Amino acid sequence: MLTLADIQAGLRDAVINDNGTAMASVLVGGRRPEHRLAIHSRHYTASLTRALIERFPATVWLVGSELVTHTAASFIREHPPTKPCIAEYGDGFPRYLGAHHAAAALPYLAQFAELEWHLGRLALATEESANMHYIHLGWSLDELIGFYLTDTAPDEYALRQEDVWLELRGLRGDLQINRLTGEEFARQLSAEPTGAHS
Amino acid sequence: MAITSDIAPSTAERTGIGLRLPHIAEVVATRPPVGWLEIHPENFLANPHGLELLTDLARDYPISVHTVGISIGSADGIDRVHLRRLRALVDRLNPVLVSGHLAWSATGGTYLNDLLPLPYTTETLRVVAAHLGEVQDVFGRPYVVENPSSYVSLATSTMTELEFLHALVNDTGCRLLCDVSNVHLSGHNMGYDAYRFIDEFPAAAVAELHLGGFTPEDDEAIPGGTLLVDTHAHAVADPAWGLYAHALRRFGPQPTIVEWDNDLPALAILIDEAAKADHVRQTVREDRHAHAG
């Protein structure tokens, strides 16, 4: 007799891998109940893909939804959520996206998505919550994200590889991106709690 | 600890709506005429500004907290860090109800973001009852348990869903949220009589009713069959309204929430759905009075 833990482990694998065949003998529901289990697999993938797409709209704007959606599908399979708050899911996605072979020609992509991740979080901040973040970039992505936030597009834009130290601030939908010098950045970092920088 | 609380008598007078984040600014600005608001707390844990707006709304509306991430049926325990975060939110909002699902979502450190079916066995009953006790102790108030929407069941079950719900109420004294649309959908998918299910539901434990839309699709498990999928992406369907009237006759005028989660419509449409529920409740009340007279 399968225990509750056995059943849940089997169903977890079936849902994540979208393959209920191994669990068919313990399911009831029509002649091929494993096909009905696919509803849960579909919901798992669709809801998390939607959550990631909605979390990274500027990244989608930059590289298109096909690449982000495709990468999200494998991210969700390989790195399922570990916590019940889905709005917090996806902090590892920028690095995963940047490491995807289709992003090989886009060396700035991981940092762009990470910058967006923090701006998205800070946009929901209040005085009582964490409302500041310090980030060091290897590309001048603050100008690019500025184009997105102001819905503008230059005729031509050359991305510069350089050290950029940023202070990000957010409060009830208002965002500020302040450039710092390396010295200012180091000073702020030493004064801020762990987690307020990347 | 002893859990005692009067569950929201005022909310029985007017139907409430499931409040989703895209509607919150409009609700704050317009204060629409709905009886109460039900939220998924997991949507607000990472949204301090949203929680601020909700706290403002809590001054004008009764709030109900409907959890989706507690995973009360998980064999390897519930996430106590999550529970503590929810407790802080519950303390801040002082809701009229706190509820969640008879389901599981997490195992082995993986959270599946879905409500998965439980086998109805004595082992599951023991697990769910223990977690229910823990949740109620942390929140210091009753935790109301919702019946699931089902596409499959587990062959290892030794009880029906109804027998399990009765046993859970008997063992824990918990209250129940009867999702009428889930009853209709599960009755269709699993081949039982939804009206009889309502007749045999533990009526004395009912604290709230839910209504939501579902999506019919081809049932790949039964050639030519149709499966109803609990998408909350449509208006409440006619058969569910009929079952809702039956539930009101059986359970009395219980607090009701209309839910809509996907393909979210304009707020006005959701408010219209709540008004339909008010109309059904009024009709049932008048019928009852007419028969009593």
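What you see is a predicted model; the values in this text were computed from it and never measured. (Residues numbered from 1 in each chain as written. Chains lettered and ligands numbered in written order. Predicted model: local features only at pLDDT ≥ 70, side-chain atom pairs only at ≥ 80, totals over all residues. Heavy atoms only, no water.)

**Here we look at the confidence of the model for chain B**
Residue and element names in this part refer to chain B. Quick note on the threshold: As a per-residue measure, pLDDT tells how confident the predictor is, with possible values from 0 to 100. Working rule for contacts: check all heavy atoms of both residues, and any pair within 4.5 Å makes them a contact.
Put simply, chain B has an average pLDDT of 95, and 96% of its residues get 70 or more. Here residues 1–6 scores under 50 on pLDDT; set against residues more than four positions off or in separate chains, the count is nine contacts. On the interface metric, ipTM, the complex scores 0.94, and its pTM is 0.94.

**Some words on the pattern of salt bridges**
Pairs can form between side chains of opposite charge once their charged atoms are near each other. Basically, it comes down to this: When a carboxyl oxygen of Asp or Glu is within 4 Å of a side-chain nitrogen of Lys or Arg, the pair counts as a salt bridge. By the criteria applied, helices consist of DSSP H or I runs no shorter than four residues and strands consist of E runs no shorter than two, each listed in order from the N terminus. Here's how the labels work: a residue is buried when its accessible area is under 20% of the maximum for its type, exposed when over 50%, partly exposed in between, all with a 1.4 Å probe on protein chains only.
Taken as a whole and judged by the stated rule, the model has 23 salt bridges over all chains. A salt bridge links B:Asp219 to A:Arg36; the nearest nitrogen and oxygen atoms lie 2.5 Å apart. Placement of the pair is B:Asp219 in the loop between β11 (215–218) and β12 (226–229) and A:Arg36 in helix α2 (residues 33–55), with the two residues belonging to separate chains. A:Arg36 shares its class with B:Asp219; the two are buried. The salt bridge partner of B:Asp261 is B:Arg20, with a shortest N-O separation of 2.4 Å. Here B:Asp261, found in the loop between β13 (256–259) and α9 (267–292), pairs with B:Arg20, found in the loop between β1 (16–18) and α1 (21–30); they are 241 residues apart in sequence, far enough to count as distant. Members of the salt-bridge network, linked through shared partners, are A:Asp142, A:Glu143, A:Arg160, A:Glu162 and A:Arg179.

**Considerations on the sheet that holds strand β7 (residues 144–146) of chain B**
Residue and element names in this part refer to chain B. Just so we agree on the cut-off: Between any two strands, at least two bridges found by DSSP are needed for them to pair. All axes are obtained by fitting lines to C-alpha atoms, using only the stretch in contact for helices, and the reported angles, taken between N-to-C directions, cover 0 to 180 degrees.
Overall, parallel pairing links the eight strands, which are arranged β1-β2-β3-β4-β7-β9-β10-β13 in a closed barrel. The average angle at which neighbouring strand axes cross in this sheet is 25°, direction not considered. In this structure, strand β9 (residues 175–179) lies alongside strand β10 (residues 206–212), joined through four bridges in parallel fashion. Across the sheet, the residue bridging to leucine 176 is valine 206, located in β10.

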